[in-house]
Amino acid sequence: MPPPRLMMDVYEEHLGEAAFLWSRREQSLTSPAVDLTIAEAIEERLLAHLDGLTLGGPEVAERLLIPMLEHGAPTEVSSAAFALLANGREGAKHVLERLEATEGPALTGIQRALELDDSLAPAALLPILGASRVDTQAAVLEALVFRRAVPPSALARFLSHDDPRLQSAALLGLDGRPEEPARKALLTALDSPEVRVRAAALVSGLVAGLRSAWEKCQKWAAEPSAAGAQARVFLALGGGERDLTRLVELLDVPDLRASTLWALGFSGQIAAADACLAWMGDDRRTAALAGEAFCAITGLRLEGPYAAPLEELAEEPLALEEEDLDADLVPRPEDALPLPAPGAVAAWWKQERGRLAPGSRLTRGRPFSVQSLFEALRQEPMRRREVLALELALRSRGQLRLEARALTRRQAAAIDRALAAPASISSRRFDALMLQS
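A quick note: this is a predicted structure, and the numbers were derived from the prediction, not measured.

A.B. asks: Can you explain the side chain of serine 192? Please cite residues and give values.
C.D. replies: Summarising the element assignment, serine 192 is placed in the loop between helix 10 (180–189) and helix 11 (195–207). For serine 192, a relative accessible area of 13% puts it in the buried group. Reaching out from serine 192, the side chain makes a polar contact with the backbone nitrogen of glutamate 194 at a distance of 3.0 Å.

As structure tokens, then:
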């Protein structure tokens, strides 16, 4: 008997489900309610549908996946590209051809597939760094940096590039001990007029142990820019008492309050918890962020009597003439945070505060250690893990890298390798880790 006709509706359903789950996975990366275990469960479903697409062979690739690279929504493009890459050389050829011809959201979709896929050898992407279009170069360079797969010789040409996106990607691709030409480019980038470039240089400068990067961190702490927000996080992670005092003072600056509360949650300091408690009775967003930071330091869970009753979360509808019609209605990650009950939290803190050692850094109420950093990378909400991965890179001087947006199986393997590695991981303050000028 002739073989049954290919049931394209089944593969179309696989693609639709994969695109939906791809979107869910991307949203989970900034969620305060999703941890690594939940993210892994979402991924298992996603990968099952992607595997289903590969079973269709060349006919499904030709009729469904290749056209989707050009006409699909971003998550459909990502799913189709990932499935094609898994089909081997022929599928990868179509993805790379489309990579050089497309732009906008479709290019972003292909880039994300290239970041998460580990079947395509980096050597196949390196020649595209010479593409004529800057956005194609940037997509490939960012994907290779994401995978920590760019040789220093390939990075060198972009470290002083005129395009901020290419320069930023190259700076983030540096290892913890850059050679002298790269170190000079890094120092120059710290004074770039482009905020994006300065933010990237700050990260790589601190990982490399450049004292000038730490000085910039302290200088930029009051800036309302992306570089300033990054600086506030680093000051909280590894600053001294004066740095913490300065961060607490920045809570009085309305435009900096949200990012400063976010940063203070990584400080682990009792004084930071005190400061967060004082803002729990403010507007909804501020109170939620203050509660998140307080709990990250103290270990309290905002549930039961410590969470605001549901009726308090309801907001009175505004009259039409009072509504801000230009407001951004896209939900923010912090919108999913529980709202604290300030009185109950204050009473709990009054009892518990004296049991904690003043001056020591705490993680969920326990003293910070290298071991607790690894535990946090396994257990903390996805929203917080990217900062923790940066801390691991800095404390190991770039020897241990974890990409918090990679597939969970790759992250788990990276954590296992880090635990078994002989790399030196320091728990000292960051100013003590800076060795070079």
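A.B. asks: Got a sec to walk through the environment of arginine 285? Specific residues and values, please.
C.D. replies: By the element assignment, arginine 285 lies in helix 17 (residues 284–298). Residue classification places arginine 285 among the partly exposed residues on the basis of a relative accessible area of 34%. Leaving out residues up to four positions away in the same chain, arginine 285 has contacts with Ala258, Arg332 and Glu334.

A.B. asks: Explain a negative patch on the surface residue by residue, including any values.
C.D. replies: Taken together, the side chains of Asp9, Glu12, Glu13 and Glu17 make up a negatively charged region of the molecular surface. Position of glutamate 17 relative to the elements: it lies in helix 1 (residues 8–28). The partly exposed category is assigned to glutamate 17, whose relative accessible area is 30%.

A.B. asks: Describe in detail the packing of aromatic side chains, supporting the description with residues and values.
C.D. replies: For any pair of aromatic rings, the description consists of the separation of the ring centres together with the inter-plane angle of the planes. Under the counting rule described, the total for this entry stands at 6 aromatic pairs. When the ring of phenylalanine 294 is compared with that of tryptophan 348, the centres are 6.1 Å apart and the planes differ by 70°; the resulting orientation is edge-to-face. Placement of phenylalanine 294 in helix 17 and of tryptophan 348 in helix 19 (residues 342–352) is noted, with a sequence separation of 54 residues between them. Pairwise contacts between aromatic rings join Phe294, Trp348 and Trp349 into one cluster.

A.B. asks: A description of the confidence of the model for the chain should follow, citing residues and the corresponding values.
C.D. replies: When pLDDT is averaged along the chain, the result is 92; 94% of the residues meet or exceed 70. Mean pLDDT values for the elements of the chain range from 56 in helix 18 (residues 310–313) up to 98 in helix 9 (residues 164–172).

A.B. asks: Account for the layout of surface pockets, with residues named and values stated.
C.D. replies: Any empty space left between atoms is shown by rolling a water-sized probe over those atoms. When its volume is computed, the largest pocket comes out at roughly 1700 Å³. What lines the largest pocket is a set of 49 residues, and nearest its centre among them are Gln230, Glu386, Leu390, Glu403 and Arg405. Per-element tally for the lining of the largest pocket: the top contributor is helix 21 (residues 382–395), with 7 residues. Counted by class, the lining of the largest pocket contains 25 nonpolar, 7 polar and 17 charged residues.

A.B. asks: Just give me the short version of the pattern of salt bridges, but keep the residues and values in it.
C.D. replies: What the rule picks out here adds up to 30 salt bridges. The shortest N-O distance in the salt bridge between glutamate 26 and arginine 112 comes to 2.8 Å. Taken together, the positions of glutamate 26 in helix 1 and arginine 112 in helix 6 (residues 104–116) put the pair 86 residues apart, joining distant regions of the chain. The partner of glutamate 180 in a salt bridge is arginine 183, and the shortest N-O contact between them spans 3.2 Å. Taken together, the residues glutamate 180 and arginine 183, both in helix 10 and 3 residues apart, mark about one turn of the helix. On the basis of relative accessible area, arginine 183 is assigned to the buried category, the value being 15%. Taken together, the salt bridges that share partners define one network made up of Arg285, Glu292, Arg332, Glu334, Asp335 and Arg383.

A.B. asks: Requested: an account of the nonpolar core, with residues and values cited.
C.D. replies: Judged by nonpolar contacts, the single largest core of 143 residues is most densely connected at Leu64, Leu99, Leu125, Leu141, Leu171, Phe234 and Phe294. Counting 5 residues, the second largest nonpolar core, distinct from the first, contains Val34, Leu36, Ala39 and Met382.

About the thresholds
- Residues numbered from 1 in each chain as written.
- Predicted model: local features only at pLDDT ≥ 70, side-chain atom pairs only at ≥ 80, totals over all residues.
- Heavy atoms only, no water.
- Helix = DSSP H or I, 4+ residues; strand = E, 2+ residues; numbered from the N terminus.
- Buried < 20%, exposed > 50% of the residue type's maximum accessible area, 1.4 Å probe, protein only.
- Polar contact = N/O pair within 3.5 Å; in protein donor to acceptor, adjacent residues only side chain to side chain.
- Contact = heavy atoms within 4.5 Å.
- Patch = residues over 30% accessible without salt bridge, like charges linked within 9 Å, V, L, I, M, F, W, Y side chains within 5 Å.
- Areas by Shrake-Rupley, 256 points an atom, 1.4 Å probe, with all protein chains shown as cover.
- Salt bridge = Lys/Arg side-chain N within 4 Å of Asp/Glu carboxyl O.
- Lys, Arg positive; Asp, Glu negative; His and termini not counted.
- Charge placed at Lys NZ, Arg CZ, Asp CG, Glu CD.
- Phe/Tyr/Trp six-rings, centres within 6.5 Å; stacked < 30°, edge-to-face > 60°.
- pLDDT = per-residue confidence, 0-100.
- 1 Å grid on protein atoms, 1.4 Å probe; cavity = no way out; pocket = protein on both sides within 12 Å on 5 of 7 lines; lining within 4 Å.
- Points joined across faces, edges and corners; volume = space filled by probe spheres on them.
- Nonpolar A, V, L, I, M, F, W, Y, C, P; charged D, E, K, R; others polar.
- Core = buried A, V, L, I, M, F, W, Y, C linked by side-chain atoms within 4.5 Å.

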